[in-house]
Amino acid sequence: MTTTAAPPVGHTAIEPGILYLGTPVVLISTTNADGSANLAPMSSAFWLGWRGILGLDGTSRTTENLLRTGECVLNLPSADQADAVDRLALTTGADPVPQRKQHRGYRHLAEKFARAGLTPVPSDVVSAPRAAECPVAMEAVVEASHGIGRGNASCFEVRVVRVWVHDDIRTPGSANRIDPDRWRPLIMSFQRFYGLGAQLRPSRLADIPEDEYRTPDIERART
Ligand SMILES: Cc1cc2nc3c(=O)[nH]c(=O)nc-3n(C[C@H](O)[C@H](O)[C@H](O)COP(=O)(O)O)c2cc1C
């Protein structure tokens with residue numbers, strides 16, 4: 001009897017329209033030129049130390065505000081706040097609505113906090129307000145920016161200057177730690193909302209104490 005060998009596991013080259021493979025949702029609050037607040041959902045974000053790297057459409061009101069004021073708050077909604085985020089989908093603080101966004105069904109909206117059902121509260125360091133209901137809110141200042149691709153988008157490096165968290169996501173008995181079993185971020189993957197599952201197994205990386213990652217930015221944020 002002859003047996004046929006199983007084909008090797010392989011890849012297929014494909015050309016997806018987007019490469020949004022799963023990142024946390026951030027609601028960025030910024031200050032408009034007239035002093036009012038803007039709030040915009042985004043998810044092209046990651047963190048290195050107390051720095052955040054943000055990818056934003058060049059025509060968005062948030063990009064304009066970041067370039068003008070150099071400040072923002074990065075509000076992180078939890079998985080059970082997907083409804084609030086979705087109420088801000090397809091809206092822009094920009095008026096008139098940029099043409100490319102008009103074609104995609106976007107409309108202008110000035111009162112973003114009210115539309116999301118979130119409460120703006122004053123920040124400590126920056127002019128933009130925090131969203132009280134988001135379990136994590138990080139005040140930040142822009143350190144650098146540059147155009148991406150043909151300049152249709154911008155990449156911002158922001159330095160976090162204050163980290164606010166709800167007490168119910170903190171690790172009991174510790175002053176400065178967030179408990180990943182309690183913090184349940186909202187994840188966007190290919191334009192759909194997801195939450196995280198339970199921890200899969202202990203990670204060997206966790207042999208390194210979190211304090212070893214502290215950077216001078218933390219000390220700098222106190223002054
Ligand atoms: C869940 C979600 C994630 C998004 N992620 C991004 C993103 O990473 N970058 C981006 O430029 N726009 C993203 N958008 C679209 C922006 O919200 C959109 O550009 C919006 O008009 C920005 O608002 P603003 O013009 O008031 O700044 C996302 C929208 C949603 C609903």
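Residues numbered from 1 in each chain as written. Predicted model: local features only at pLDDT ≥ 70, side-chain atom pairs only at ≥ 80, totals over all residues. Heavy atoms only, no water.

(A) Seen up close, the site of the ligand. Lining the immediate environment of the ligand, one finds 21 residues, of which P41, D57, T62, T92 and G93 sit closest. In this structure, a nitrogen atom belonging to the ligand sits 3.1 Å away from a main-chain N or O atom of G55. D57 places a main-chain nitrogen or oxygen 2.7 Å from an oxygen atom of the ligand. Relative to its unbound accessible area of 630 Å², the ligand is 88% covered by the protein chains. Taking a 2 Å distance to the grid points as the criterion, the majority of the atoms of the ligand fall inside the second largest pocket. Elements represented by at least two residues in the shell around the ligand include exactly strand 3 (37-42), strand 5 (51-57), helix 1 (61-69) and strand 7 (91-92). No other element matches strand 3, which puts four residues into the shell around the ligand. (Near = heavy atom within 4 Å. Polar contact = N/O pair within 3.5 Å; in protein donor to acceptor, adjacent residues only side chain to side chain. Areas by Shrake-Rupley, 256 points an atom, 1.4 Å probe, with all protein chains shown as cover. 1 Å grid on protein atoms, 1.4 Å probe; cavity = no way out; pocket = protein on both sides within 12 Å on 5 of 7 lines; lining within 4 Å. Sits in = over half its atoms within 2 Å of the grid points. Helix = DSSP H or I, 4+ residues; strand = E, 2+ residues; numbered from the N terminus.)

(B) Region of interest: the UniProt feature "domain: Flavin reductase like" (unreviewed entry) in the chain. According to UniProt, the positions carrying the feature "domain: Flavin reductase like" (unreviewed entry) are residues 18-178. Within the segment residues 18-178, helix and strand shares are 15% and 40% respectively, and the terminal C-alpha atoms sit 31 Å apart. (UniProt positions renumbered as here; feature names shortened; annotations may be inferred.)

(C) Quick look at helix 1. Of the residues making up helix 1, those classed as buried are R61, T62, T63, N65 and L66. Note on helix 1: the residue one or two positions beyond its end, G70, has a positive phi of about 70°. (Buried < 20%, exposed > 50% of the residue type's maximum accessible area, 1.4 Å probe, protein only.)

(D) Spotlight on the environment of P129. For P129, the position within the fold is in the loop between strand 9 (120-121) and strand 10 (130-131). Overall, P129 belongs to the buried group, its relative accessible area being 12%. The sequence separation of P129 and E139 amounts to 10 residues, and the corresponding C-alpha distance is 8.9 Å. Other than its neighbours up to four places away in sequence, P129 contacts S29, A37, V73, N75, F113, P120, V121 and S123. (Contact = heavy atoms within 4.5 Å.)

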